[in-house]
Amino acid sequence: MTVKLETLLDRSEKNMGKGIHPVVKESALEMVKRAYQETIFVIISAGYRSMEEQAKLYGQGRLGYSYGGLNYSDLSKPIVTNAMPGESYHNYGLAIDFFIVSDDGKSAIWTVDEKWRRAAAIGKSLGFAWGGDWSTFKDYPHLDLTGGLSYTQLKAGIKPNLISKVTPTPGSTVKPDVIVKDPPTKDSGDQTIKSIQTTLNRHYQAKIDVDGYYGPNTKKALIKGYQMELNKQYGARLTVDGLWGPRTRAASPNVKEGAKGCITYILQAAIYMEGFNPFGIDGIFGIGTESAVKAFQRSSGIYADGIAGENTFSKLFG
């Protein structure tokens, strides 16, 4: 008898714990649903992990390790992680682990085969970065959705801006295409997006509503601003129509750390709209912008080098 989808979802939700971020939770359960439609049976095995639980894991195989005044050293077990407390996205509810089960749901399958990679690809399509893509240590069960935040930023109490790519269903509490950071009410909108919209109106005569929401008119205004800057700075001679086409794509420069100016501002604004916080929408490409670009690239399935070129702008505007 084939395992029921409800069984996989129930186990997964329980395993993620109460501290999981709502967008991460919704995206993870959607991954289980989509994989099930392809007869790939996925269970989320872990989600939120407290600092104490992380200390316990880190203490395995290590002599004399203590955290918070307590001894977590356990030499009876092998080392399983190099992440100390606060240095795992699990500690902030922004990561999950998964595995595949047999058709009857009774046996775990840890072979990283075609089905495993397909499940990971589904996760990536929902915005997750996959540990199997890491260049050094490969963590095949791992998926995270971080909004571009580093451990240092998370430790400092900075909250991630995440968006859900899940198609809304009746009763869903997370809306797609809306940046989530203590979600704004319908009347207030996101203040940063309002500031971006005001700038687009002032500098590019966009004539869009300043409502704090990222909709098609705001996206079109961003593309128009981008086209105007390409014409001004690079002599691109593009039609300023707010439409993403092959000529606009071909005119895209490589924007990287150290870049300054209006194109960098538009990049930062677009990245923020997609839910990745550059920690400064100021036209200066610094470490926060590079981190956000890399996170966006990973979530979009393109090479994550932190340099915004044709492929990155196409994912943002296409």
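Residues numbered from 1 in each chain as written. Predicted model: local features only at pLDDT ≥ 70, side-chain atom pairs only at ≥ 80, totals over all residues. Heavy atoms only, no water.

A. Examining the pattern of salt bridges more closely. In this structure the tally under the stated criterion is seven salt bridges. Note that D133 and K124 form a salt bridge whose closest N and O atoms lie 2.8 Å from each other. (Salt bridge = Lys/Arg side-chain N within 4 Å of Asp/Glu carboxyl O.)

B. Seen up close, the packing of aromatic side chains. Scanning the entire structure with this criterion turns up 13 aromatic pairs. Ring geometry for F98 against W116: centres 5.0 Å apart, planes inclined by 35 degrees, an arrangement best described as tilted. Separated by 18 residues along the polypeptide, F98 in strand 4 (residues 95-101) and W116 in helix 4 (residues 114-125) bring together distant segments of the chain. On the basis of relative accessibility, which here comes to 0%, the residue F98 falls in the buried class. Taken together, a centroid distance of 5.8 Å and an interplanar angle of 55 degrees make the contact between W130 and Y140 tilted. Within this pair, whereas W130 is found in strand 6 (residues 129-130), its partner Y140 is found in the loop between strand 6 and strand 7 (142-144), the two being separated by ten residues in sequence. (Phe/Tyr/Trp six-rings, centres within 6.5 Å; stacked < 30°, edge-to-face > 60°. Helix = DSSP H or I, 4+ residues; strand = E, 2+ residues; numbered from the N terminus. Buried < 20%, exposed > 50% of the residue type's maximum accessible area, 1.4 Å probe, protein only.)

C. Structural view of the pairing of strand 4. Most of strand 4 sits out of view: seven of its seven residues are buried. Pairing analysis gives four bridges linking strand 1 (residues 42-46) to strand 4, with the strands arranged antiparallel. Within the sheet, the bridge partner assigned to I44 lies in strand 4 and is F98. Bridge count between strand 4 and strand 7: three bridges; the pairing is antiparallel. Bridging from a neighbouring strand, D97 pairs with H142 of strand 7. Here strand 4 pairs with strand 5 (residues 108-109) via two bridges, running antiparallel. The residue bridging V101 from the neighbouring strand is A108, located in strand 5. Taking the residues between adjacent antiparallel strands as the criterion, strand 4 and strand 5 are bridged by six residues, where G105 takes a positive phi near 80 degrees. (Pairing = 2+ DSSP bridges.)

D. Structural detail: the packing of helix 9 (residues 262-273) against helix 11 (residues 310-317). Relative orientation of the contacting elements helix 9 and helix 11 amounts to 50 degrees, with a least axis distance of 10 Å. In terms of their interaxial angle, helix 9 and helix 11 are classed as oblique. Judged by the twist between their axes, the crossing of helix 9 over helix 11 is left-handed. Of helix 11, the residues touching helix 9 (which contributes I263, I266, L267, A270 and I271) are F313, L316 and F317. Each residue belonging to the contact of helix 9 with helix 11 can be placed in one class, and the counts come to eight nonpolar, no polar and no charged. (Axes fitted to C-alpha atoms, helices over the stretch in contact; angles between N-to-C directions. Parallel < 35°, antiparallel > 145°, perpendicular 65-115°, else oblique. Left-handed = near helix turned anticlockwise from the far one by under 90°. Contact = heavy atoms within 4.5 Å. Nonpolar A, V, L, I, M, F, W, Y, C, P; charged D, E, K, R; others polar.)

E. Local environment of the UniProt feature "domain: Peptidase M15C" (unreviewed entry) in the protein chain. With numbering matched to this structure, UniProt assigns "domain: Peptidase M15C" (unreviewed entry) to residues 86-144. Span residues 86-144 is 20% helix and 24% strand, its end C-alpha atoms 15 Å apart. (UniProt positions renumbered as here; feature names shortened; annotations may be inferred.)

F. Main features of the domain arrangement of the protein chain. For the protein chain, the domain assignment lists domain 1 (5-49 + 88-156) and domain 2 (191-317). Distance from the C-alpha centre of domain 1 to the C-alpha centre of domain 2: 30 Å. In this assembly, domain 1 packs against domain 2 so that about 650 Å² is buried in total across both faces, 56% of it on carbon and sulfur atoms. On the domain 1 side of the interface with domain 2, the three residues burying the most area are K124, G147 and G148, jointly 49% of the side's total. Our count for the domain 1 to domain 2 interface comes out at zero salt bridges. (Domains from an automatic or database assignment. Buried area = accessible area lost by both parts, 1.4 Å probe.)

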